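Secondary and tertiary structure notes
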Amino acid sequence: MPLLRMRGITKRFPGVRALDGVDLEVEAGEVHCLLGQNGAGKSTLIKVLSGVHQPDEGEVRFGGEPVRLAGPTAAMRLGIATIYQELDLVDGLSVAENVFLGHERASYGFVRRREAARAAGELLARLGHPEIPPNRLVERLSPAGKQVVSMARALSHDARLIIMDEPSAALAHDEVANLFRLVRELTSAGVAVIYISHRLEEIREIGDRVTVLKDGRTVAVGLPAATTPTPEIVRLMTGRSVEYVFPPRRPRPAVPEAGGRDPEADGLGTEILRVEGLTVPGEFADVSFSVRAGEIVGLAGLVGSGRTEILETVYGLRRPSAGRVLLDGRPVRPGSAARAVRLGMGLAPEERKSQALLLEDSLADNITLAGLPRYSRLGWLDRRRALADAAEQIAALDVRPADARRPVKTLSGGNQQKAVLARWLINGRRLLLLDEPTRGVDVGARAELYALIRRLADAGLGVLLVSSEVPEVLGLADRVLVVREGRVIHQADARDLDEHRVLDMIMEGSLS
Amino acid sequence: MTTAEAARRDERVARVSPVRRVLVRPELGSVVGAIVVFAFFAAQSPVFWSVSGVSNWLDPASTLGIMAVAIALLMIGGEFDLSAGVLTGSTGLILVTLATRYGLDVWSAMAAGLVFALAVGFLNGLLVVRTRLPSFIVTLGTFLMLQGLNLGVTKLLTGTVQVGGLRQAPGYEGARQVFAASVPLAGGDFRVAIVWWLAVTALATWVLMRTRAGNWIFAVGGNEQAARAVGVPAARVKVGLFMTTAAAAWLVGTITALRFSSVQANAGIGQEFTFIIAAVIGGCLLTGGYGSAIGASIGALIFGMADKGIVFAGWDADWFTFFLGAMLLLATLTNSLVRRYAEEVRR
Ligand SMILES: Nc1ncnc2c1ncn2[C@@H]1O[C@H](COP(=O)(O)OP(=O)(O)OP(=O)(O)O)[C@@H](O)[C@H]1O
Ligand SMILES: [Mg+2]
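Residue indices begin from 1 for each chain and proceed along its sequence in written order. Going through the entries in the order they are written, you letter the chains from A and number the ligands from 1. The predicted origin of the model limits local features to residues at a pLDDT of at least 70 and limits the giving and counting of side-chain atom pairs to 80 or more, whereas totals for whole chains, interfaces and linings rest on all residues.

Below, the discussion takes up the nonpolar core. As used here, a nonpolar core is made of buried Ala, Val, Leu, Ile, Met, Phe, Trp, Tyr and Cys residues. They are joined through C-beta atoms within 7 Å. Counting other C-beta atoms within 10 Å of its own, a residue is labelled buried from 20 upward, exposed at 12 or fewer, and partly exposed in the gap between, with every C-beta atom placed from the backbone. Residues Leu465 of chain A together with Met67, Ala68, Ile71, Ala72 and Ala279 of chain B are the most contacted members of the largest nonpolar core, which totals 261 residues. Each helix is a run of DSSP H or I of at least 4 residues and each strand a run of E of at least 2, with the numbering of both proceeding from the N terminus. If you tally residues by element for this core, the top one is helix H4 (residues 51-76) of chain B, at 16 residues. Contact definition: two residues whose C-beta atoms, as placed from backbone geometry, lie within 7 Å. Discounting residues that sit within four places of it in the chain, alanine 72 of chain B has contacts with Ala279, Gly282, Cys284, Gly291, Ser292, Ala293 and Ala296 of chain B.

Let's shift gears to helix H9 (residues 307-314) of chain A. The buried fraction of H9 of chain A is high, at eight of eight residues. Among all positions in H9 of chain A, only Arg307, Thr308, Glu309, Ile310, Leu311, Glu312, Thr313 and Val314 of chain A are buried.

Residue and element names in this part refer to chain A. Within the structure, ligand 1 sits among 21 residues, and Phe13, Ala18, Ser43, Ser412 and Gly414 are positioned closest to it. Mapped onto the shell around ligand 1, the elements with two or more residues apiece are strand S2 (16-26), helix H1 (42-49) and helix H15 (413-425). Any residue outside Ala, Val, Leu, Ile, Met, Phe, Trp, Tyr, Cys, Pro, Asp, Glu, Lys and Arg is labelled polar, Gly included; the first ten of those are nonpolar and the last four are charged. For the shell around ligand 1, the per-class residue count stands at six nonpolar, 13 polar and two charged. When residues of the shell around ligand 1 are assigned to domains, at least three map to each of domain 1 (4-238) and domain 3 (361-427). For each residue, a C-beta atom is placed from the backbone, and the residue is labelled near a molecule or strand when this atom is within 6 Å of it. Those domain boundaries reflect an automatic or database domain assignment.

Let us look at the sheet that holds strand S14 (residues 284-292) of chain A. Residues and elements named next belong to chain A. Any two strands with at least two DSSP bridges between them are considered paired. Strand order in the open sheet formed by four strands is S14-S13-S16-S17, and the pairing between neighbours is antiparallel. The open sheet has two free edges, formed respectively by S14 and strand S17 (330-331), since each of these has just one partner strand. Bridging between strand S13 (residues 271-280) and strand S16 (residues 322-327) involves five bridges; their strand directions are antiparallel. Pairing of glutamate 276 across the sheet is with arginine 324, part of S16. Between the N-to-C directions of two axes lies an angle of 0 to 180 degrees, each axis being a line fitted to C-alpha atoms and, for a helix, fitted only over the stretch in contact. Packed on one face of the sheet, H9 meets S13, S14 and S16 and runs near 115° to S13.

Here the focus is the domain arrangement of chain A. How big an interface is tends to be reported as the loss of accessible area on association of its parts. All names here are of chain A. What the domain assignment lists for chain A is domain 1 (4-238), domain 2 (245-254 + 265-344 + 429-512) and domain 3 (361-427). The centre of domain 2, based on its C-alpha atoms, is set 25 Å off from the matching centre of domain 3. Taken together, the contact pairs ten residues of domain 2 with ten residues of domain 3. Classifying every residue of the side of domain 2 that touches domain 3 gives five nonpolar, one polar and four charged.

Residues and elements named next belong to chain B. Across chain B, pLDDT averages 87, with 91% of residues at or above 70. Per-residue pLDDT, averaged within each element of chain B, yields its smallest value for helix H1 (residues 4-12) (40) and its largest for helix H6 (residues 106-131) (96). Per the prediction output, this complex has pTM 0.77; the corresponding ipTM is 0.77. The quantity called pLDDT is the predictor's confidence in a given residue, expressed from 0 to 100.

Once that is clear, we can look at the pairing of strand S24 (residues 487-493) of chain A. By the bridge criterion, six bridges tie strand S23 (residues 479-484) of chain A to S24 of chain A in an arrangement that is antiparallel. Along S24 of chain A, the bridge assignment pairs leucine 481 of chain A with glutamine 491 of chain A.

Further remarks concern the packing of helix H10 (residues 212-222) of chain B against helix H12 (residues 234-260) of chain B. Residue and element names in this part refer to chain B. In contact at an axis separation of 10 Å, H10 and H12 are set at 105° when each is read in the N-to-C sense. Viewed along their axes, H10 and H12 adopt a mutual orientation that is roughly perpendicular. Contact with H10, carried on its side by Trp216, Ile217 and Val220, involves Ala234, Val237, Lys238 and Leu241 of H12 and no other residues of that element. Classifying every residue of the contact of H10 with H12 by side-chain character gives six nonpolar, no polar and one charged. The scheme is simple: roughly parallel for angles under 35 degrees, roughly antiparallel for over 145, roughly perpendicular for 65 to 115, oblique for anything else.

The subject of this paragraph is unusual backbone geometry. We note that aspartate 215 of chain A has phi near 45°; this positive angle belongs to a residue other than glycine. Checked against the element boundaries, aspartate 215 of chain A lands in the loop between strand S11 (209-214) and strand S12 (217-224). Residue class for aspartate 215 of chain A comes out partly exposed when judged on the 16 C-beta atoms lying within 10 Å of it. Despite not being glycine, arginine 132 of chain B shows a phi value in the positive range, around 60°. In this structure, arginine 132 of chain B sits in the loop between H6 and helix H7 (135-158). What makes arginine 132 of chain B exposed here is the crowd of 8 C-beta atoms within 10 Å.

Turning our attention to the packing of helix H8 (residues 172-179) of chain B against H12 of chain B. When two helices pack together, their arrangement is given by the angle between the helix axes and by the axis-to-axis distance. All names here are of chain B. Where H8 contacts H12, the two axes come as close as 9 Å, and the packing angle between them is 120°. When the axis of H8 is compared with that of H12, the two are oblique. In terms of crossing hand, the pair formed by H8 and H12 is left-handed. Contact residues: H8 offers Ala175, Arg176 and Phe179, while H12 offers Thr254, Ile255 and Leu258. Split into classes, the residues belonging to the contact of H8 with H12 amount to four nonpolar, one polar and one charged. Crossings are classed by handedness, with left-handed meaning an anticlockwise turn of the near helix from the far one by less than a right angle and right-handed meaning a clockwise turn.

Have a look at this one:
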C-alpha cells in the first residue's frame, strides 16, 4: 500500500486549469521525482498536498486513509512537510523562529527560546551548516542560507513525507551533494521524499521513480528514474524531442591567443566592457577582464565566491574602492544603475522575486518596464505598442500561459524567470549581465534560452554570464573566468577547460 | 577569508558586534529624538526637569503611550486602525451615558463600554480579513461611522454635545482610584495612568519578544503568505490585534472619562494619526513586520515632552505640530541612516 495516493486532482484558477485530473502515488522510503515543464502544475500539486490550495476535485489518501487537507496545519499534523519553491521565510524573524514558526516550542504560549535555538542549531548542524547562528535575523542570510533554513524547517516536523520544490535551484555544487546525503538519510529511515527539479542529472542520481506532468495532466506514472532514457523523459515533458545541447560557437580564431594579435582577427567585434582592477573590500579584489561584442564570458565559481557582487558592481549597484568599469570606453559612474541602463547594460538578477519583478503587475508591464522611454511620446505611454512588443517576447521565449495581461505573481517560477529576461531583450542592449539565468527553467525552455543568448551574442551583444552549473558555463560561454573567494584565479577559452578541472579549481583553487 | 570554509561562512553569516546590535534596534531613532527633545526643553526652562515638571509631561504621554503601543502591535502585524482615536471617545460616552442616565453603576457601565469596543475591534478585523480590503479604508469607514454615532446619539439624548456628571454615579470613587487617581510624590503629582502605560508597554514587549503570539504578529506582518503556509492562524492573529487596539482605546476612554467626569461628543477625533506617528517614531515600518512596543512608548514620551515643554518655555502652543514634524523626520531619518550603515559594515 503506497504511503500517498492522489487520484484525479483538479484545480482551477481564474482562467486556467492548473491541474486536470492528476494522479500520484508515493511509497514510503522512496524518492519520487515530479517532472514537468514550467507551468505544468508541479507546484500547484504540492500546494494541494500541503494544504495551501484546496482541490476542486479528486481524492487524497495518506497511509491508506482518505484525508482532507483543509490547511497547512492539517497537512503538517499528518506528517507532510514542504520546502516551497519560492523562498518563503519571514525576514524580520530569527532563524530559529522561522524554523519553528507555526509550531513553536512553547509552554502555555510562551516560547522556550533557548530550547528552540538549540533545536534549530541541531537541525542546521544535521544539514551541514552549524555556522548559521539560530538567533540571526533571516534577512541577513544569503539566498543559499535561506534555503538551508527552509530545509531545517521541513526537518523540524518529524515528517513522514517531505516535499522539496526545486530545493537545489539556490544551491551550489557541493551543497547539492550535501542535500542528497540528507535525502538518503531520510529515506533510509522510511521517510518518503517528493523531489522536484529541472536538472535531469539530479533525478538520475537521487530519484527512485518519476511521475511526469504535462499541462496539468499526468503523462507517465512511476517510471524507474535510473533506467528511463533522458530523451524519453524530455519527450514526455515537452511532447517533442528537444536537443539538450548548446548552440554552436563561432569558429576558433585562427591565431591562438598571443601577444600583439589583431583585436578583430578572431571574428569578434570591438571591446564593449572593460573592467580594471575592480575591488569591493570583503567581496572581491583586483578583478580585471573584458567582454567583446559577440562574446559570452562566463563566471564560474561557488555561490558566495563574489560573482554576483562583481556583476552588481559592473552594473553600478555597488561602489568599488578601487578600479573602474568602462562601457564602450566610457566610464560607468558607480552607484547609478540608471546610468548603466542608459549606457546600454541590462541585469537579470539572481533573486527574481525580490530584485526584479513587480509581482502584482502584469506580464506586459514587467517586460516593458525598462523600455518605457521607448513607448512614451510627450509623456503619454503608447500602451498598444508596448503590449505588442511584450507579446512578441512572450512568444519568443514561450512563456506560459501566453497572456500578457496576467499578473506576474500567478506565473510559475520558471516563467517568471523568462519574464525577467524578456525585459532586456526588447530594447537594444550593448551588454547583458545574466545571473543564474536558467534557475528554475525547464529543459525545453533552457535549450531555447541558450540558443537565444547565443543569437544575441551573434547579433553583436556582449554577455556576462554567472551560473553555478559548470556544464552550462562551459557549454555556453566563449571564455571562462574562474572565481574563487573574490579573485579571478584562472581565465581560459571555454573549449580548453573541462568540468572536472573547473570544479577542482573552484573548490580548491589548485591553479592559483 | 583564507579558506573555502571561511568564505562560505562569510557568505551566509556575518559577525555581529554588540555595537551594531544596538544600532539596528528599531527604538534607536526614538531614543535619540527623546534625548534631543529633553535636552532642548530642559535648557529652556528648569521647571521642565523638576519633579513636578516631569509628572506634568508624563501625563499626556501616558494615555497616548497606551494607544501607541497597541497601534504599534497592529502595525507590526501589517495593519492600520484609524478608528482607534474616535473609539476612545465612544467608550467614554458609553460609560458616562449609561452611568448617569440609565442608572448603571460605573463598573457595569465600563464593562458595557469594553464589550462595545471589543465588538468594534472584532468587526474591523473581520472585515479586513474577509474582504482583504486595506485596513486603512475599512477603519476609515468605521472611524466616520463612529464619529457620526458619537455626535448623533449624544445630541439625541442630551440635546448638547457633551455628557457629564459621572462623579455622582455609584461606584465612581472606586473606579477613579484604579484608573484616574493621582499620587503626590516628591513634589510632583503623578497620574495612575502612568502605571497603566508602563504595564501595557511591558506586557506588549513581553508578548512580542517571548511568546508564540508575538512571533505570529511579526510573521503575518512580514510575510503573510509564508506565515499562512506554515500554519500560522493569520486571520485570528489580525482579528486579535484589532481587538487589542480596541481594548486599549477603551482603557484610555475610561481613564479620561473618570478623570474629567464628562466627555465631549467629539473626543478622540484627530488622535488616530498621532498614535501612528508615535509608533513610527518608535521604529514601526508602514509596511509591517518590524517595530517595537518600547519604541512606540518613547514616541509617546516625545509627544508628551513637546506638548508641555512648549508651555513651560512660554511659547505659543501653535509650535507644537512643528515640533512633532521635526521629531518624526529626525527619528525616522536616524533609524534609516543607521540601519543602512549597519547593513554596509556587515561584511
Ligand atoms: N495563484 C494562482 N493564480 C492563477 N494561476 C495560477 C496560480 N498559481 C499557479 N497558477 C497557474 O497554474 C499553472 C501551474 O503552475 P505551477 O506553479 O504549478 O507550475 P510548475 O509546474 O510548478 O512550474 P515551474 O517549473 O515553472 O515552477 C500555471 O499556468 C500558473 O500560471
Ligand atoms: Mg513550480
